[in-house]
Amino acid sequence: MMKKRSISASKASLVLFLCQMISALDVPLDSKLLEELSQPPTITQQSPKDYIVDPRENIVIQCEAKGKPPPSFSWTRNGTHFDIDKDAQVTMKPNSGTLVINIMNGGKAEAYEGVYQCTARNERGAAISNNIVIRPSRSPLWTKEKLEPNQVREGDSLVLHCRPPVGLPPPIIFWMDNAFQRLPQSERVSQGLNGDLYFSNVQPEDTREDYICYARFNHTQTIQQKQPISVKVFSMDSLNDTIAANLSDTDIYGAKPVTERQPILLTPTGSTSTKVELRGNVLLLECIAAGLPTPVIRWIKEGGELPVNRTFFENFKKTLKIIDVSEADSGNYKCIARNMLGSVHHVISVTVKAAPYWITAPRNLVLSPGEDGTLICRANGNPKPNISWFANGVPIAIAPEDPSRKVDGDTIIFSHVQERSSAVYQCNASNEYGYLLANAFVNVLAEPPRVLTPANKLYQVIADSPALLDCAYFGSPKPEIEWFKGVKGSILRGNEYVFHDNGTLEIPVAQKDSTGTYTCVARNELGKVQNEVRLEVKDPTMIIKQPEYKVIQRYGQVSFECIIKHDSTLLPTVIWLKDNDELPDDERFLVGKDNLTIMNVTDKDDGTYTCIVNTTLDSVSASAVLTVVAAPPTPAIIYARPNPPFDLELTGQLERSVELSWIPGDENNSPIKNFVIEYEDGLHEPGVWHYQTEVPGTQTTVQLKLSPYVNYSFRVIAVNEIGRSQPSEPSEQYLTKSANPDENPSNVQGIGSEPDNLVITWESLKGFQSNGPGLQYKVSWRQKDVDDEWTSVIVANVSKYIVSGTPTFVPYEIKVQALNDLGYAPEPSEVIGHSGEDLPMVAPGNVQVHVINSTLAKVHWDPVPLKTVRGHLQGYKVYYWKVQSLSRRSRRHVEKKILTFRGNKTFGMLPGLEPYSSYKLNVRVVNGKGEGPASPDKVFKTPEGVPSSPSFLKITNPTLDSLTLEWGSPTHPNGVLTSYILKFQPINNTHELGPLVEIRIPANESSLILKNLNYSTRYKFYFNAQTSVGSGSQITEEAVTIMDEAGILRPAVGAGKGYSEILFATSPVMHTVRPTFYKVQPLYPRIRNVTTAAAETYANISWEYEGPDHANFYVEYGVAGSKEDWKKEIVNGSRSFFVLKGLTPGTAYKVRVGAEGLSGFRSSEDVFETGPAMASRQIDIATQGWFIGLMCAVALLILILLIVCFIRRNKGGKYPVKEKEDAHADPEIQPMKEDDGTFGEYRLFSFVSSAPF
């Protein structure tokens, strides 16, 4: 007695397989079987139910079906037969039911609107398609209307209506401006679902005349534009200015600014509304509110929560979107609009209806004569759909009677069917929202048994595991299955076997004696068939010596063993893991046949190592732990590079491989990490060695892959931590046979060098890649997207071929194939190239410039059509240059600047412009050939900016109470100068600042005399220029008024021509009361307060120094205004004064003081003028008392000297010539007896420094 058992949970994969086989009996899937069995028609492809077509293109209505024999096709239109033979515009594709209606050759799509249905029929029945509704798409124009300008008060709400034309399908709506830029939207301004543009409150920036609504019709790929709508927003200020003359004071003061308002709903209107949506669709609910401030929208569902993961908020939360709605989403949805003044809400009652959807769709039946069966058609919807049945496309009520068929609502019951009962049944489920139509055939077959499992199929299992032997079958009626062991064995029975319904035999515990041939027999009343399969039971794989726990010292070597035993007919693979992951990618890990060796162990090698052995039938594993400990100190070892390998030998020579072996040299205390194998091609590149491969240092043989037609020699290099050994002696030579090329040239390109050619280039094969003599190339090309044949030419071993006479810049398909005397390489892959480029044809249009500020502008242009580029578009170049400065009105050398913008960019920024200047620019498109024509020059002007600092500020002619200031206008005025600003304040010896005085000077002045200043006082000056935009950067200088007139050499000062004078009213207080000072942090190091006192041929120079001690000073001077080099005088010691001698009278000099060793630090320049020693002094010395007394004393001394000389002469004494010369020495040289005149200088400047500050 055969026994059947349930399948255990451990055989889940088997259950899935068996279920597939069982279902295959209902509808056979074997391709060979399907070709032999008769089968009613089945619709495999059809057009959608609602089919909107492009009226400009041919209409294709799909209908494809399969069946045995192949079905024929017919069509109905609007419920009546459609005779396609009578309409010359309609054809049916061969071996298909697909209709093609020719619209492009005179047909009109509107004439073929209607409802179409396809019928596929053969001798076993007829299947029908859905009702396919054909409608041409429509994109009507906007109706003409007169649009009045919208004048609205600031803060009020506004709705701009779009009202697009009714199209099929409905258009997509969006708002843009005249520049085709989308209008920005926000919580305040947004587009509704109906396409209208809603303003919750308008602002002055909403004023514009180009609000344009666009409707895009995707089917016809057209966009329709509404006439621009003008909006003008009036603020309360402008309204008051307009009507102030007509209002009383009370009215004017009663006009409030923008009034805040609580929210009101713009859409939907009222407090409630309803919405019906279909199951599975997207539910969109919208609330847009007006108010000031702009209201915020919030959504809730009354009595429930919004569905998680299906709810989305769009349009700044004004739109609630729920995807894949179901009946559970019905209910009341409330939107709440709120601002600080209040809130308003609206309730939308949503009802979810449902078009019919399947619960159980009818499935095909394959029955044998006399069997029973059912077709079930169950659908749901809201409202509940009606179920109606058809047989071969005819309502079942009027279809030919079949005694085996009984209709019971949504079920058809078949009893004792016969072959004539074969038919195709249609189930139609419909309600007011749609319908479902399903075809299901009943195929009554009388077929003898067939076994679908291949004959003599081999099954292999491991001993003590289950074995599953398949016997997939088909037959009608369903065959019975029996199993036998051996050809003449007895039928299998008993508890050791399990027999499954799909014919599979299961041996739960297979043993070695289970090996053998098994026969499955399938029989029914129409015949019998048998099939043999073979079972082999293999020995299990075992690890007979497992890896063991190891403790190893750091930098040592460790090995784990993994010796296995396996069935001799199975090929095992061994994998090692570390901590259940792959081994580190480290050459220290060496995997052998039966072991794992780790060289130079480190701490990170700690872990668990697992050996896994896999065969095609089983897998086993074993693990061990490695512990790394510190190594004891070892004596120093001398390391060196390894000695070269020797005794190279070639064995196992084949056409494409050879085995190389060698003996390693001494490793010299550093383990060999790897061997590098190099080869020489004595046929193509003698004397040149190339890298071949490398192997681990434990390996001394390697199988090398070879190329044909190469005369090989090999050498080996050993590598350790120290370095590489010398190469070994070369091996014997081995010449491989010639063959076809294995590969084709790489880097194939097609780039034209001229507008009418195509230059095809490639990287030639290397010598050993040719695989044989006579290397050539087959170059093929054809124009892309044109139905042309390939053009080919065979060229010598070169790397370039030029195709002439090509159109300008068109794509070509290119391939280059290698060949030699033995034949061709494999078919090459195709690449796309282009023929030569030419210069672009047109210039960019609509060039516009937007000046952002005085130094930056933005330029826009329209892109040129790509067809006119005639090459690869690389970008656009903007040429711009300054024409003239608007402040100076003088032209200069034109220096054009170029900016390049990559890609198809249509705007760019122009930085670094000069303020208050006139510029021109043009734009050109650039391709690989060069630049196209320039656009017309565009003129633009930059506004004024702030000026640069004055070019210089000099302070000259110091007196007791005045200073003269001279300055140069700014190098870059950047506009029209309006004035100069001078600020100054006194500074005392402790760097404190006194009160700050500010003076505004007309722009046409270039000098100034400041009078009524304190004597012997240092002043700091701040000077800058102004334009109408503002003040520029300032320049600073310091100067000192001279001391009281006693003992001071005063500089020569002109009569003051060309100077403007600023007089200050002073009082004795100014000279006797010290001003309030503020402490200033000094800067170190610095040389300041350079002061000059000039005579006719010399000048006394003094300065103040702040910084490190022991500085060595020098004085540099030269003629003012001269381009001659500065003259340099070294100052002895670290004195802070010096006398310049040998100057030219009546000459202006410039002077500065420096300190060596301070990185070239110098003081600011000072200017002085020499003159007659006393003539140019402003104070008359002859009227001074001290001068009169001095002259009297000199006269008395001369008188005494004359008397002494007269007496000595009378006595006859000799008067030495030397003493006489000394007595009559030059009075100007007399005070300067020291080498550098330091005594005279010290007397002069010690007097100056003793004066009060």
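Owing to the predicted nature of the structure, the values given are computational and were not obtained by experimental measurement.

Visitor: Got a minute to help me understand the state of the cysteines in this structure?
Guide: What we call a disulfide is simply a covalent bond connecting the sulfur atoms of a pair of cysteines. What the rule picks out here adds up to 6 disulfides. Note that Cys162 is cross-linked by a disulfide to Cys213, the S-S spacing being 1.9 Å. Across the disulfide from Cys162 to Cys213, rotation about the S-S bond amounts to roughly -65°, and the bridge is consequently left-handed. Here Cys162, found in the loop between strand 13 (158-160) and strand 14 (172-176), pairs with Cys213, found in strand 17 (residues 208-217); they are 51 residues apart in sequence, far enough to count as distant. For Cys162, a relative accessible area of 0% corresponds to the buried category. When its relative accessible area of 0% is taken as the criterion, Cys213 is described as buried. The side chain of Cys287 participates in a disulfide bridge whose partner is Cys335; the two sulfur atoms lie 1.8 Å from each other. Disulfide Cys287-Cys335: the torsion about the S-S bond is -70°, which places it as left-handed.

Visitor: I tried to follow the sheet that holds strand 77 (residues 917-926) on my own but got confused; where do I start?
Guide: Hydrogen bonds along the backbone pair up the strands of a sheet, which may run parallel or antiparallel. The 4 strands are arranged 75-74-77-78 in an open sheet whose pairing can be described as antiparallel. For this open sheet the edge positions go to strand 75 (897-902) and strand 78 (938-941), each flanked by a neighbour on one side alone. Going across the sheet, the axis of each strand differs from the next one's by a mean of 25°, ignoring polarity. With 4 bridges connecting them, strand 77 and strand 78 associate as antiparallel partners. In the strand pairing of strand 78, Ser918 is matched with Lys941.

Visitor: Help me understand the side chain of Glu813, please; the structure alone is not making it clear to me.
Guide: With respect to the helices and strands, Glu813 occurs in strand 69 (residues 811-820). Those residues in contact with Glu813 that sit more than four places away from it in its chain are Ser780, Trp781, Arg782, Lys784, Trp790, Glu830, Val831 and Ile832.

Visitor: Got a minute to help me understand the packing of aromatic side chains in this structure?
Guide: Within a pair of aromatic rings, the relevant descriptors are the distance that separates the centres and the angle that separates the planes. This model, assessed by the stated rule, comprises 24 aromatic pairs. Relative to Tyr214, the ring of Phe180 has its centre 6.3 Å away and its plane inclined at 45°; by these criteria the two rings are tilted. Placement of Phe180 in the loop between strand 14 and strand 15 (189-191) and of Tyr214 in strand 17 is noted, with a sequence separation of 34 residues between them. Judged by its relative accessible area of 54%, Phe180 falls in the exposed class. You can call Tyr214 buried: its relative accessible area is 5%.

Visitor: For this particular structure, what's the right way to read the pattern of salt bridges?
Guide: Pairing between side chains of opposite charge can happen when the charged atoms of each approach one another. Enumeration according to the criterion identifies 41 salt bridges in this entry. Between Lys334 and Glu302 there is a salt bridge, with the nearest N and O atoms lying 3.8 Å from each other. Here Lys334 is found in strand 27 (residues 331-339), whereas its partner Glu302 is found in the loop between strand 24 (296-301) and strand 25 (311-314), with 32 residues between them in sequence. In this structure, Lys321 and Glu314 form a salt bridge, with 3.3 Å as the shortest nitrogen-oxygen distance. For Glu314, a relative accessible area of 34% corresponds to the partly exposed category. Among the ionic contacts, a cluster of salt bridges with common partners joins Asp177, Arg208 and Asp210.

Visitor: I would appreciate a short explanation of the pairing of strand 58 (residues 657-663) in the present structure.
Guide: Within a regular strand, side chains alternate between the sheet's two faces. Taken across its 7 residues, strand 58 has 5 buried, putting it largely inside the fold. In terms of strand pairing, strand 57 (residues 646-651) meets strand 58 through 4 bridges, oriented antiparallel. Counterpart to Leu650 in the pairing with strand 58 is Leu660. Adjacent in sequence and paired antiparallel, strand 57 and strand 58 are bridged by 5 residues, among which Gly652 carries a positive phi angle near 60°. The sheet contact formed by strand 58 and strand 61 (residues 701-705) spans 5 bridges and is antiparallel. Of the residues in strand 61, the one forming a bridge with Leu660 is Val702.

Visitor: Would you mind showing me how to read the side chain of Gln426 here?
Guide: Among the secondary structure elements, Gln426 is positioned in strand 36 (residues 423-431). Within the structure, Gln426 has its side chain in polar contact with the backbone oxygen of Ala126 (distance 3.1 Å). A distance of 2.8 Å separates the side chain of Gln426 from the side chain of Asn439, its partner in a polar contact. If we skip the residues at most four places from it in the chain, Gln426 touches Ala126, Ala127, Ile128, Ser388, Trp389, Phe390, Ala391, Asn392, Gly393, Leu437, Ala438 and Asn439.

Visitor: Can you walk me through the sheet that holds strand 63 (residues 734-735) in this structure?
Guide: In space, the 4 strands of this open sheet follow the order 60-59-62-63, with antiparallel pairing throughout. Single-partner strands in this sheet number two, and they are strand 60 (685-696) and strand 63. Pairing geometry for strand 62 (residues 711-719) and strand 63, over 2 bridges, is antiparallel. Bridging across to strand 63, Asn711 finds its partner in Leu735.

Visitor: Please clarify how a nonpolar patch on the surface should be interpreted in this entry.
Guide: A contiguous nonpolar patch, built from Leu1196, Leu1197, Leu1199, Ile1200, Ile1203, Val1204, Phe1206 and Ile1207 and spanning about 780 Å² of accessible area, is present on the exposed surface. Topologically, Val1204 is positioned in helix 6 (residues 1185-1211). A relative accessible area of 40% means that Val1204 is categorised as partly exposed.

Visitor: When you look at the nonpolar core in this model, what are you seeing that I'm missing?
Guide: Here is a general trend for soluble globular proteins: nonpolar side chains tend to be buried in one another's company. Counting 30 residues, the largest nonpolar core has Ile59, Ile61, Trp75, Ile101, Tyr116 and Ile134 as its most contacted members. Of all the elements in the fold, those that place two or more residues in this core are strand 2 (50-53), strand 3 (59-61), strand 4 (63-68), strand 5 (72-77), strand 8 (99-101), strand 9 (114-122) and strand 11 (132-136). Looking at which element gives the most residues to this core, the answer is strand 9, with 3 residues. Setting aside residues up to four positions removed in sequence, Ile59 forms contacts with Val53, Leu99, Val100, Ile101, Ile103, Ala109, Tyr112 and Ile134. Counting residues in each nonpolar core, the second largest holds 22 residues, with Cys471, Phe499, Ile507 and Val533 among its members.

Visitor: Honestly, the environment of Arg715 in this entry has me stumped. Any pointers?
Guide: With respect to the helices and strands, the residue Arg715 is situated in strand 62. For Arg715, a relative accessible area of 18% translates into the label buried. Among residues more than four places away in sequence, those in contact with Arg715 are Leu648, Val676, Ile677, Glu678, Trp689, Pro727, Ser728 and Pro730. Here Glu678 takes part through its side chain, which lies 2.8 Å from a polar atom of the side chain of Arg715.

Visitor: Quick question: what am I supposed to make of the confidence of the model for the chain here?
Guide: In low-pLDDT regions, the fine details of the predicted coordinates are not to be read closely. The share of residues in the chain with pLDDT of 70 or more is 86%, and the mean pLDDT across the chain is 84. pLDDT under 50 marks residues 1173-1179. Its contacts with residues more than four places away, or in other chains, come to 13 contacts. Counting contacts from residues 1212-1253, a segment whose pLDDT is below 50, to residues more than four positions away or on other chains yields 43 contacts.

Visitor: Help me out: how do you make sense of the environment of Ala522 in this one?
Guide: Note that Ala522 resides in strand 45 (residues 516-524). As for Ala522 and Arg450, which are separated by 72 residues in sequence, their C-alpha atoms are 7.4 Å apart. Aside from chain neighbours lying at most four places away, what touches Ala522 is Pro449, Val451, Pro479, Glu480, Ile481, Gly527, Lys528 and Val529.

Visitor: Can you help me understand unusual backbone geometry in this one?
Guide: The residue after Lys68, namely Pro69, is reached through a cis peptide bond having omega 5°. Structurally, the position occupied by Pro69 is in the loop between strand 4 and strand 5. A cis geometry characterises the amide bond from Leu292 onward to Pro293, with omega recorded as 0°. By secondary structure assignment, the location of Pro293 is in the loop between strand 23 (288-292) and strand 24. Backbone geometry places Phe180, a non-glycine residue, at a positive phi of 60°.

Visitor: Looking at this structure, how should I read the environment of Gln653?
Guide: Structurally, Gln653 is set in the loop between strand 57 and strand 58. Residues in contact with Gln653, not counting those within four places in the same chain, are Val658 and Tyr734.

Quick notes on the rules
- Counting restarts for each chain: residues are numbered from 1 in the order of the written sequence.
- Only residues with pLDDT of at least 70 are given local features in this predicted model, and only at 80 or more are side-chain atom pairs given and counted; all residues enter the totals for whole chains, interfaces and linings.
- The basis for every side-chain value is the complete set of heavy atoms in the structure, and neither hydrogens nor water enter the calculation.
- Cysteine sulfur atoms that come within 2.5 Å of each other are treated as a disulfide pair.
- Here a strand is any run of E in DSSP of at least two residues, a helix any run of H or I of at least four, and the numbering for each starts at the N terminus.
- Buried residues are those whose accessible area, probed at 1.4 Å on protein chains only, stays under 20% of the maximum for their type, while exposed residues exceed 50% and partly exposed ones sit between those limits.
- We treat two strands as partners when DSSP finds at least two bridges between them.
- Orientation is described by axes fitted as lines to C-alpha atoms, over the contacting stretch for helices, and by angles from 0 to 180 degrees between their N-to-C directions.
- We call two residues contacting when some pair of their heavy atoms lies within 4.5 Å.
- Within 6.5 Å between ring centres, the rings of Phe, Tyr and Trp (the latter by its six-membered ring) count as paired, and their orientation is classed by plane angle as stacked under 30 degrees, edge-to-face over 60, tilted in between.
- Any carboxyl oxygen of Asp or Glu within 4 Å of a side-chain nitrogen of Lys or Arg constitutes a salt bridge here.
- Under the rule applied, a polar contact is a pair of N or O atoms within 3.5 Å (in protein, one hydrogen donor and one hydrogen acceptor; residues adjacent in sequence only if both atoms are side-chain atoms).
- The patch calculation keeps residues exceeding 30% relative accessible area without a salt bridge and links them within 9 Å when they carry like charges or within 5 Å when they are nonpolar (Val, Leu, Ile, Met, Phe, Trp, Tyr).
- All accessible areas in this document rest on Shrake-Rupley with a 1.4 Å probe, and a residue is counted as covered only by the protein chains that are shown.
- Buried residues of nine kinds, namely Ala, Val, Leu, Ile, Met, Phe, Trp, Tyr and Cys, make up a nonpolar core once their side-chain atoms join them within 4.5 Å.
- Note: pLDDT gives the predictor's confidence per residue, expressed from 0 to 100.

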